[in-house]
Amino acid sequence: MNASLNQEIIEIYRKRAQNYDITANLYYLLGYREWAYRQKAVDALHLQPGDTVIEIACGTGLNFSLYQEAIGLQGKIIGLDLTDAMLTQARQRIQGNGWENVELVHTDARNYAFPTGVNAIISTYALSLIPESDQILEKGVNALTSGGRLALLE
Ligand SMILES: C[S@@+](CC[C@H](N)C(=O)[O-])C[C@H]1O[C@@H](n2cnc3c(N)ncnc32)[C@H](O)[C@@H]1O
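Criteria and thresholds
Residues numbered from 1 in each chain as written. Predicted model: local features only at pLDDT ≥ 70, side-chain atom pairs only at ≥ 80, totals over all residues. Near = placed C-beta within 6 Å. Nonpolar A, V, L, I, M, F, W, Y, C, P; charged D, E, K, R; others polar. Buried ≥ 20, exposed ≤ 12 C-beta atoms within 10 Å, placed from the backbone. Helix = DSSP H or I, 4+ residues; strand = E, 2+ residues; numbered from the N terminus. Pairing = 2+ DSSP bridges. Core = buried A, V, L, I, M, F, W, Y, C linked by C-beta atoms within 7 Å. Contact = placed C-beta atoms within 7 Å. Axes fitted to C-alpha atoms, helices over the stretch in contact; angles between N-to-C directions.

*Asks:* So, the site of the ligand: which residues are in play, and what are the values?
*Replies:* Around the ligand, the structure places 20 residues, and the nearest of them are Ala57, Gly59, Leu82, Thr83 and Ala109. Classifying every residue of the shell around the ligand by side-chain character gives 14 nonpolar, three polar and three charged.

*Asks:* Break down the pairing of strand 4 (residues 118-124) for me, with residues and values.
*Replies:* With respect to burial, strand 4 is a largely interior element, seven of its seven residues being buried. Sheet analysis places strand 1 (residues 52-56) next to strand 4, joined by three bridges and oriented parallel. When the sheet's bridge partners are listed, Ile54 is paired in strand 4 with Ile121. As judged from the six bridges shared by strand 4 and strand 5 (residues 144-153), these two strands associate in the parallel manner. When the bridges of strand 5 are listed, Thr124 appears paired with Leu153.

*Asks:* With reference to specific residues and values, describe unusual backbone geometry.
*Replies:* Unlike most non-glycine residues, His46 shows phi in positive territory, near 50°. Within the secondary structure, His46 sits in the loop between helix 3 (34-43) and strand 1. The class of His46 is partly exposed, set by 14 C-beta atoms lying within 10 Å. Phi at Ala57 takes a positive value of approximately 65°, unusual for a residue other than glycine. One can find Ala57 in the loop between strand 1 and helix 4 (64-71).

*Asks:* Quick rundown of the nonpolar core? Include the residues and the values.
*Replies:* One finds Val53, Ile56, Tyr67 and Ala120 to be the most contacted residues of the largest nonpolar core, which totals 29 residues. Contributing elements (two or more residues each) for this core: strand 1, helix 4, strand 2 (76-81), helix 5 (84-97) and strand 4. Discounting residues that sit within four places of it in the chain, Ala120 has contacts with Leu45, Leu47, Asp51, Val53, Gly148 and Arg149.

*Asks:* Explain the sheet that holds strand 4 to me, and be specific about the residues and the numbers.
*Replies:* Working definition: the strands of a sheet are paired by backbone hydrogen bonds and lie parallel or antiparallel to each other. Taken in spatial order, the five strands of this open sheet run 3-2-1-4-5, and their pairing is parallel. In this open sheet, the two edge strands, each paired with only one partner strand, are strand 3 (102-106) and strand 5. Between one strand axis and the next, the sheet turns by 15° as a mean value, whatever way the strands run. Along the sheet, helix 6 (residues 133-143) contacts strand 1, strand 4 and strand 5; its crossing angle with strand 5, the most-contacted strand, is approximately 145°.

Following this line, the structure appears as structure tokens:
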């Protein structure tokens, strides 16, 4: 079941990848303050300079600049995503900004082995697509440092 659901998701996001950022911003025109919510979720992580943050299903990396402002060059971002085309867009964003502290992992989040010592984990507008998200979150929470934070936005 996961395989066919994953394939469906990959096909949807391959089609959306190139215009994802533009279409995501269009919600603003409908009165949905998406960026305010993204900022609020990131603020809830209480990121500090040097922190490591993992984003589950990072897509094109729309949130990355919000993390960078808080963690600085000594920090690290790890972005996971299932869809190759979304990660291609994320890679372009990383190169365009000259960021050297971002690692992208092409994976089903269900199969990801979280490293230990993670300060923050976040997922935005993605977990409702993943039936076993509770299991992913359990693994993530176990990987957090003492005082580490998890933020979810749907
Ligand atoms: C609506 S986009 C959200 C992207 C990004 N988090 C954002 O806020 O803009 C949903 C993303 O979830 C990813 N995704 C869906 N199922 C996944 C899974 N099982 N593992 C990793 N990524 C997944 C898709 O590839 C897609 O990039």
